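Here is what each chain is made of, one letter per residue.
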Amino acid sequence: MSAYTRAYQGLVRGGMKPTEAARVLADLRQETGDELGKALRVHADERYAREPTDSRAIHRRKKAQRGAMCRGADWIAVAAAGPSTTIPAQRNTGSTT
């Protein structure tokens, strides 16, 4: 059973508190982001590996492309982790005067 199904059934049947369901889903999201980031790094290593016939220019280009893909993998992991701080309370900006 997936974490999504477990959280949904726990909420519907009343066996799980909303905060616990949110924690389960946040953990799943972070785990998925970590796995995607790692897989993207492995793919970058395979795709942009140095070949014996590569010139220096081709190697530099592959190195830059691999770096860009790894930065994307890092971003995926950070974005999937969710906000790093709590959301501040909103103020009532509607003036009645």
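Every value quoted in this text rests on a predicted model; they were computed, and no experiment measured them.

Colleague: How would you summarise a positive patch on the surface if you had to cite specific residues and measurements?
Modeller: On the surface, a cluster of positive charge is made up of Arg50, Arg56, Arg60 and Arg61. By the element assignment, Arg50 lies in the loop between α2 (18-47) and α3 (56-81).

Colleague: So what's going on with the side chain of Asp54? Which residues, and what values?
Modeller: Checked against the element boundaries, Asp54 lands in the loop between α2 and α3. A polar side-chain atom of Asp54 sits 3.0 Å from the main-chain amide nitrogen of Glu51. Of note is the side chain of Asp54, whose polar atom sits 2.9 Å from the side chain of Lys62. For Asp54, the residues in contact, after removing those within four places along its chain, are Ala49 and Lys62.

Colleague: I'd like a description of the pattern of salt bridges, backed by residues and values.
Modeller: Applying the stated rule across the entire model yields four salt bridges. Arg41 is the partner of Asp74 in a salt bridge, and the nearest nitrogen-oxygen pair spans 2.6 Å. With Asp74 in helix α3 and Arg41 in helix α2, this pair connects stretches of sequence that are 33 residues apart. Look at Asp74 and you get partly exposed, because its relative accessible area is 38%.

Colleague: Which residues make up the packing of α2 against α3, and what values go with them?
Modeller: Relative orientation of the contacting elements α2 and α3 amounts to 175°, with a least axis distance of 7 Å. By the angle class used here, α2 and α3 are roughly antiparallel. Along the contact surface, α2 presents Arg29, Gln30, Gly33, Asp34, Leu36, Gly37, Leu40, Arg41, His43, Ala44 and Asp45, while α3 presents Arg66, Met69, Cys70, Gly72, Ala73, Asp74, Ile76, Ala77, Ala80 and Ala81. Here the contact of α2 with α3 is composed, by residue class, of 10 nonpolar, five polar and six charged.

Colleague: Quick one: what's the story with the environment of Arg41, residue by residue and with numbers?
Modeller: Taking relative accessible area as the criterion, Arg41 reaches 31% and is therefore assigned partly exposed. Each C-alpha atom, one on Arg41 and one on Met69, is 7.2 Å from the other, the two residues being 28 residues apart in sequence.

Colleague: Residues and numbers for α3, please.
Modeller: With 26 residues, α3 extends 37 Å from end C-alpha to end C-alpha; this agrees with the ideal 38 Å at 1.5 Å per step. Of the positions making up α3, those classed as buried are Lys62, Gly67, Met69, Cys70, Ala73 and Ala80. Structurally, α3 contributes buried residues whose contacts are with α2. Backbone geometry just after α3 places Gly82 at a positive phi near 90°.

The rules behind the values
Counting of residues starts from 1 at the beginning of each chain's written sequence and follows it residue by residue. The predicted nature of this model means local features are confined to residues of pLDDT at least 70 and side-chain atom pairs, given and counted, to a pLDDT of 80 or more, with totals for whole chains, interfaces and linings taken over all residues. Values shown for side chains rest on all heavy atoms present in the structure; no hydrogens or waters enter the calculation. A patch is a set of surface residues, each over 30% in relative accessible area and not in a salt bridge, joined within 9 Å for like charges and within 5 Å for the nonpolar side chains Val, Leu, Ile, Met, Phe, Trp and Tyr. Surface exposure here means Shrake-Rupley accessible area, sampled with a 1.4 Å probe, where a residue is shielded only by the protein chains that are shown. Here, a salt bridge means any Lys or Arg side-chain nitrogen found within 4 Å of an Asp or Glu carboxyl oxygen. In this charge count, Lys and Arg are treated as positive and Asp and Glu as negative; neither His nor the chain ends contribute. The atoms used to mark charge sites are NZ of Lys, CZ of Arg, CG of Asp and CD of Glu. Working definition: helices are DSSP H or I runs of at least four residues, strands are E runs of at least two. Numbering for both runs from the N terminus. Within 3.5 Å is the distance limit for a polar contact, defined as a pair of N or O atoms, with the added protein rule that one can donate a hydrogen and the other accept it, and that residues adjacent in sequence qualify only through two side-chain atoms. The contact criterion used throughout is that any non-hydrogen atoms of two residues lie within 4.5 Å. The rule is simple: take the accessible area with a 1.4 Å probe, protein chains only, and divide by the maximum for that residue type; under 20% is buried, over 50% is exposed, in between is partly exposed. Axes here refer to lines fitted to C-alpha atoms; in helices the fit is confined to the stretch in contact. Angles between the N-to-C directions go from 0 to 180 degrees. Here the angle decides the label: under 35 degrees means roughly parallel, over 145 means roughly antiparallel, 65 to 115 means roughly perpendicular, and every other value means oblique. Note that Gly is not counted as nonpolar here; it falls among the polar residues with everything else outside the nonpolar set of Ala, Val, Leu, Ile, Met, Phe, Trp, Tyr, Cys and Pro and the charged set of Asp, Glu, Lys and Arg. To estimate how far a helix should reach, multiply one less than its number of residues by 1.5 Å.

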